[in-house]
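The chain contents come next:
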Amino acid sequence: MADQRVAARYAKSLLDLGKDMGTLDSVKEDMDLLSKTMAESRELRLLLRNPIVKHDKKLAILNAIFKGKVSDMTMRFFTILTEKNREAALESMGTEFQVQYNAMQGIQMAEVTSATPLTAASRAEMEKLVTQQTGLTEVKLTEKVDPSLIGGFILRVGDNQIDDSVRTGLRKMRISLQENSYQQKV
């Protein structure tokens, strides 16, 4: 939890710095690469959290991985993080940066899970529903297909979830039937 908070603060600093220097798009690409790399490499995440490995060694590994792939400003930012003994925050910094970047740009992320792939009309309806809920005009919709839903959809927007799936309806019906309060009179 503490690393999450630290990552959010550093992500905000990097976001502000990129905005002030006019390199926000390249910083966003760098943070996307960082996020992807952290998600794919368990060894790197463990290494950055390991207190036994010295900071200069961690910085050398970060340089070997990211040198030439990210901007100089991002590499200097990695250096500052390792000098301040905060390299463990890099694990969640990419996602925190993405969240804050989307908030700054007025973009709402949403995830919809349906039993079958969405049609263009149902995708537009989902985007309209998210727009009504959040008030933000730009929506990035992530689609997943889960045949076990049988029908309907599950829409996640931030911490909110709308579950309008047939599977959930059937589960609720089963629970209500099990709690049958009917008593036969003799």
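Look up a bit, the structure's there.
Residues numbered from 1 in each chain as written. Predicted model: local features only at pLDDT ≥ 70, side-chain atom pairs only at ≥ 80, totals over all residues. Heavy atoms only, no water.

Structural notes on the environment of F66
Inference 1: Among the structural elements, F66 can be located in helix α4 (residues 55–66).
Inference 2: On the basis of relative accessibility, which here comes to 1%, the residue F66 falls in the buried class.
Inference 3: Between the C-alpha atom of F66 and that of D56, which follows or precedes it by 10 residues, the distance is 15 Å.
Inference 4: Beyond its immediate chain neighbours, meaning those up to four positions away, F66 contacts L33, L34, T37, M75 and F78. (Helix = DSSP H or I, 4+ residues; strand = E, 2+ residues; numbered from the N terminus. Buried < 20%, exposed > 50% of the residue type's maximum accessible area, 1.4 Å probe, protein only. Contact = heavy atoms within 4.5 Å.)

Overview of the layout of surface pockets
Inference 1: Looking at the largest pocket, its volume works out to about 160 Å³.
Inference 2: Forming the walls of the largest pocket are Q108, M109, A110, E111, T142, R156, V157 and G158.
Inference 3: Within the residue set of the lining of the largest pocket, elements represented by two or more residues are β1 (107–114) and β3 (153–157).
Inference 4: Residues of the lining of the largest pocket, tallied by class, amount to three nonpolar, three polar and two charged. (1 Å grid on protein atoms, 1.4 Å probe; cavity = no way out; pocket = protein on both sides within 12 Å on 5 of 7 lines; lining within 4 Å. Points joined across faces, edges and corners; volume = space filled by probe spheres on them. Nonpolar A, V, L, I, M, F, W, Y, C, P; charged D, E, K, R; others polar.)

Overview of the nonpolar core
Inference 1: In terms of nonpolar packing, the biggest core is built from 28 residues, with L14, M31, L34, F78, L90, M93 and F97 touching the most fellow members.
Inference 2: Within the residue set of this core, elements represented by two or more residues are α1 (2–21), α2 (24–40), α3 (42–49), α4, α5 (72–83) and α6 (90–105).
Inference 3: The dominant element in this core, judged by the number of residues it contributes, is α1, at six residues.
Inference 4: Not counting residues up to four positions away in its chain, the partners in contact with L14 are V27, M31, M73, F77, M93 and F97.
Inference 5: Counting 10 residues, the second-largest nonpolar core is a separate cluster that includes A110, L118, V139 and V157. (Core = buried A, V, L, I, M, F, W, Y, C linked by side-chain atoms within 4.5 Å.)

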